[in-house]
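The lines below spell out each chain.
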Amino acid sequence: MAKKTRGYTTTRDVYKAVKKYDHRDFDEFCTRIYMNGYKDGQMAPKAEPEASADVETVMKAIKDVKGVGPALAEKIKKAIMGTLEEGGEKKDV
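Residues numbered from 1 in each chain as written. Predicted model: local features only at pLDDT ≥ 70, side-chain atom pairs only at ≥ 80, totals over all residues. Heavy atoms only, no water.

On to the overall build of the protein chain, then. The number of helices and strands found in the protein chain is 4 helices and 0 strands. Ordering the α and β elements of the protein chain from the N terminus gives α-α-α-α. Relative to its 93 residues, the protein chain shows a buried fraction of 11%. Of the contacts formed within the protein chain by residues at least 6 apart in sequence, a portion of 35% connects residues at least 24 apart. Looking at the protein chain as shown, the accessible area adds up to about 8700 Å², and 56% of this sits on carbon and sulfur atoms. (Helix = DSSP H or I, 4+ residues; strand = E, 2+ residues; numbered from the N terminus. Buried < 20%, exposed > 50% of the residue type's maximum accessible area, 1.4 Å probe, protein only. Contact = heavy atoms within 4.5 Å. Areas by Shrake-Rupley, 256 points an atom, 1.4 Å probe, with all protein chains shown as cover.)

Next comes the structure, spelled out in structure tokens:
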């Protein structure tokens, strides 16, 4: 049973030819493979961006939860801000 693989599959003829390449020929071969992959990536459908929200939007949603008062909401906000600022910069959640 033959293996099914995605991507580039080397045939025996290509393998034999590559074995005979000098440095320049091999660089050109690798560049062609790379450029073909790059073009395929450009034509591939774009993935949906991940959902993101800023801290204020998240806090508004948290405050709307029954049982979360101002004190607990402030503790949650401090915990979120502390986690996001560990990297040295403020980020989206």
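On we go.
This next bit is on the packing of aromatic side chains. Counted by the stated rule, this structure contains 3 aromatic pairs. On the numbers, 6.3 Å between centres and 25° between planes, the contact of Tyr34 with Tyr38 is stacked. Note that Tyr34 and Tyr38 are positioned in helix 2 (residues 23–43) at a spacing of 4 residues, about one turn of the helix. Given the relative accessible area of 54%, Tyr34 is considered exposed. (Phe/Tyr/Trp six-rings, centres within 6.5 Å; stacked < 30°, edge-to-face > 60°.)

On the surface, Arg12, Lys16, Lys19 and Lys20 cluster together into a patch of positive charge. For Lys19, the position within the fold is in helix 1 (residues 12–19). According to the relative accessible area criterion, Lys19 is exposed, its value standing at 59%. (Patch = residues over 30% accessible without salt bridge, like charges linked within 9 Å, V, L, I, M, F, W, Y side chains within 5 Å. Salt bridge = Lys/Arg side-chain N within 4 Å of Asp/Glu carboxyl O. Lys, Arg positive; Asp, Glu negative; His and termini not counted. Charge placed at Lys NZ, Arg CZ, Asp CG, Glu CD.)

Within soluble globular proteins, side chains that are nonpolar tend to cluster in buried spots. Of all hydrophobic cores here, the largest spans 8 residues; its members are Val55, Met59, Ile62, Val68, Ala73, Ile80, Met81 and Leu84. Listed by contribution, the elements that provide at least two residues to this core are helix 3 (55–63) and helix 4 (70–84). In terms of residues, this core owes the most to one element, helix 4, which gives 4 residues. (Core = buried A, V, L, I, M, F, W, Y, C linked by side-chain atoms within 4.5 Å.)

A few words on the packing of helix 3 against helix 4. The packing of two helices is summarised by the inter-axis angle and the distance between the axes. For the pair helix 3 and helix 4, interaxial distance at closest approach is 10 Å and the crossing angle is 150°. Regarding the angle of helix 3 to helix 4, the classification is roughly antiparallel. The crossing of helix 3 and helix 4 is right-handed. In this structure, helix 3 contributes Val55, Glu56, Val58, Met59, Ile62 and Lys63 to the contact, and helix 4 contributes Ala73, Ile76, Lys77, Ile80, Met81 and Leu84. (Axes fitted to C-alpha atoms, helices over the stretch in contact; angles between N-to-C directions. Parallel < 35°, antiparallel > 145°, perpendicular 65-115°, else oblique. Left-handed = near helix turned anticlockwise from the far one by under 90°.)

A few words now on the pattern of salt bridges. Taken as a whole and judged by the stated rule, the model has 3 salt bridges. For Lys77, the salt bridge goes to Glu56, with nearest N and O atoms at 3.1 Å. Of the two residues, Lys77 is situated in helix 4 and Glu56 in helix 3; the sequence distance between them amounts to 21 residues. Here the salt bridges do not stand alone but share partners, grouping Arg24, Asp25 and Glu28 into one network.

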